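# Examining the three-dimensional arrangement
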Amino acid sequence: MLFIPARRALTPEGFRGPSMIAVDDAGLITSIEPTTAITPDLTVVPGFVDVQVNGIGDIDVASARGADWSRITDLLLDQGVTSWCPTLVTDALDRYAAPLERIAEARRREGSRIIGAHLEGPFLGGAPGAHQRALLAPIDLDWLAALPDIVRLVTIAPELPLAVEAIRLLVANGIVVALGHSTPSLDAVDAAVVAGATMVTHLFNAMSGVHHRQPGLAAAALVEDRLAVGLIADLVHVHPLALQLAFRCKPSDRTVLVTDAVASRSGRLGEFAIQVRDGAPRLADGTLAGSVVTMDQAIRNVVRRCGITLEQAVRSATTNPARLLGCEDRGAIAVGQRADLVGLDDALRVGAVWLGGVQVRQRGADH
Ligand code: ZN
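Remember, predicted model here, so these are calculated numbers, not experimental data. (Residues numbered from 1 in each chain as written. Predicted model: local features only at pLDDT ≥ 70, side-chain atom pairs only at ≥ 80, totals over all residues. Heavy atoms only, no water.)

### Quick word on the coordination of the zinc ion
Looking at the zinc ion, one finds its protein donor set to be E120 (OE), H181 (NE2) and H202 (NE2), positioned 2.0 to 2.1 Å from the metal centre. Site description for the zinc ion: donor spacing in sequence, E-x60-H-x20-H. Taken together, the positions of H181 in the loop between β13 (176–179) and α5 (186–195) and H202 in the loop between β14 (199–200) and α6 (217–223) put the pair 21 residues apart, joining distant regions of the chain. Judged by its relative accessible area of 4%, H181 is buried. (Donors = N, O, S within 2.8 Å, 3.2 Å for Na, K, Ca; no water. Helix = DSSP H or I, 4+ residues; strand = E, 2+ residues; numbered from the N terminus. Buried < 20%, exposed > 50% of the residue type's maximum accessible area, 1.4 Å probe, protein only.)

### Some details on empty space enclosed by the protein
Using the criterion set out here, one finds one cavity of 30 Å³ or more in the structure. The calculated volume of the largest cavity comes to roughly 30 Å³. If you go around the largest cavity, the residues you meet are G47, V49, T82, S83, R330, G331 and D340. Taken together, the residues that form the lining of the largest cavity break down as one nonpolar, four polar and two charged. (1 Å grid on protein atoms, 1.4 Å probe; cavity = no way out; pocket = protein on both sides within 12 Å on 5 of 7 lines; lining within 4 Å. Points joined across faces, edges and corners; volume = space filled by probe spheres on them. Nonpolar A, V, L, I, M, F, W, Y, C, P; charged D, E, K, R; others polar.)

### Things to note about the pattern of salt bridges
Summed over the entire model, instances satisfying the criterion amount to 16 salt bridges. The partner of E328 in a salt bridge is R323, and the shortest N-O contact between them spans 3.7 Å. When its relative accessible area of 29% is taken as the criterion, R323 is described as partly exposed. A network of salt bridges, in which partner residues are shared, links D329, R330, R338 and D340. (Salt bridge = Lys/Arg side-chain N within 4 Å of Asp/Glu carboxyl O.)

### Observations regarding the environment of A221
On the secondary structure map, A221 appears in helix α6. Of the residues examined, A221 reaches a relative accessible area of 0% and is grouped as buried. When the C-alpha positions of A221 and M199 are compared, they lie 8.4 Å apart, and in sequence the two are 22 residues distant. With residues up to four places along the chain from it excluded, the contact list for A221 reads V200, L203, L227, V229 and K250. (Contact = heavy atoms within 4.5 Å.)

### What to know about the nonpolar core
By size, the foremost hydrophobic cluster in this structure holds 83 residues, and its most contacted members are L100, L147, L179 and L203. In contact with L179, not counting residues within four places along its chain, are T155, I156, P158, I167, V189, A192, A197, M199, V200, T201, L217 and L227. Within the second largest apolar cluster, 16 residues are counted, among which are C85, L153, L324 and L325. (Core = buried A, V, L, I, M, F, W, Y, C linked by side-chain atoms within 4.5 Å.)

Here's what the structure looks like:
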């Protein structure tokens, strides 16, 4: 049995004062009790869950091999991310099998901290952003039906022919469907939601917007309670005011912070050269190509610049993405949940990280 002391802990019912979190040999939380023991000055919250990570540092998940995977997971642990989805951007249909097999192999080795792969593309629509236009493909239902188990999330454009059939098929196969890189009609959005889509990928970015006479996907996503919204809170992709708008519109369990991190130090995203300019990686023409924000920074940004409570910010980086992806075993500090935890200091920096109750990061060691 392990015991983790916290000056306060965020539970599904809200913050609790000085607490002792008990963890059993299987790494699961068995109790959260008030304590009079001396506790470190840390606010303990669930480990962060990032459903959109293309790469980090100089490692792109599409080409990561062998030891690269433990380096990625190490870099993610530094920012408190304990579960994540390696994300593949648009490529030719016959070029997904190899990276998906490498992700599956990494999951077998690294464990379920790798939740599963997120395919962002190749069935994207009117707002491809940094995806290669030449590789955008018409929906291929046979290809989707044959996706391996490692795929957990697919971003698709609802305006494409066969989108409803594709969404139904994916959802029937246990895959979560997000809408994105898209300029659909409102009817197409409705049909996608009825078919089972439950998320919008990076709200506001690469989609039709909130024009008052021609409301686009962003407007529809803001008022459709069944859709969770991914938000890149680097303050470059989305203005703080628009982030605030999203948090005010959406139910508290439908906001999801994502980093959309890319291997910015590699200088490449797939076939394209990228360079960090004005706070984010960009193609030569200035098009945003993922972010360099870390999840802990995203939380600080929405708390400090958007007036979002720490509780809601953390929930958007933990419970909400975990439940959205069907992970019922993590994302909350509650009895029976995995003791994947982050300790935040008063400046909301990552001061400690635990995996299954075992401390793997400590304040001062990596800052
Ligand atoms: Zn994107």
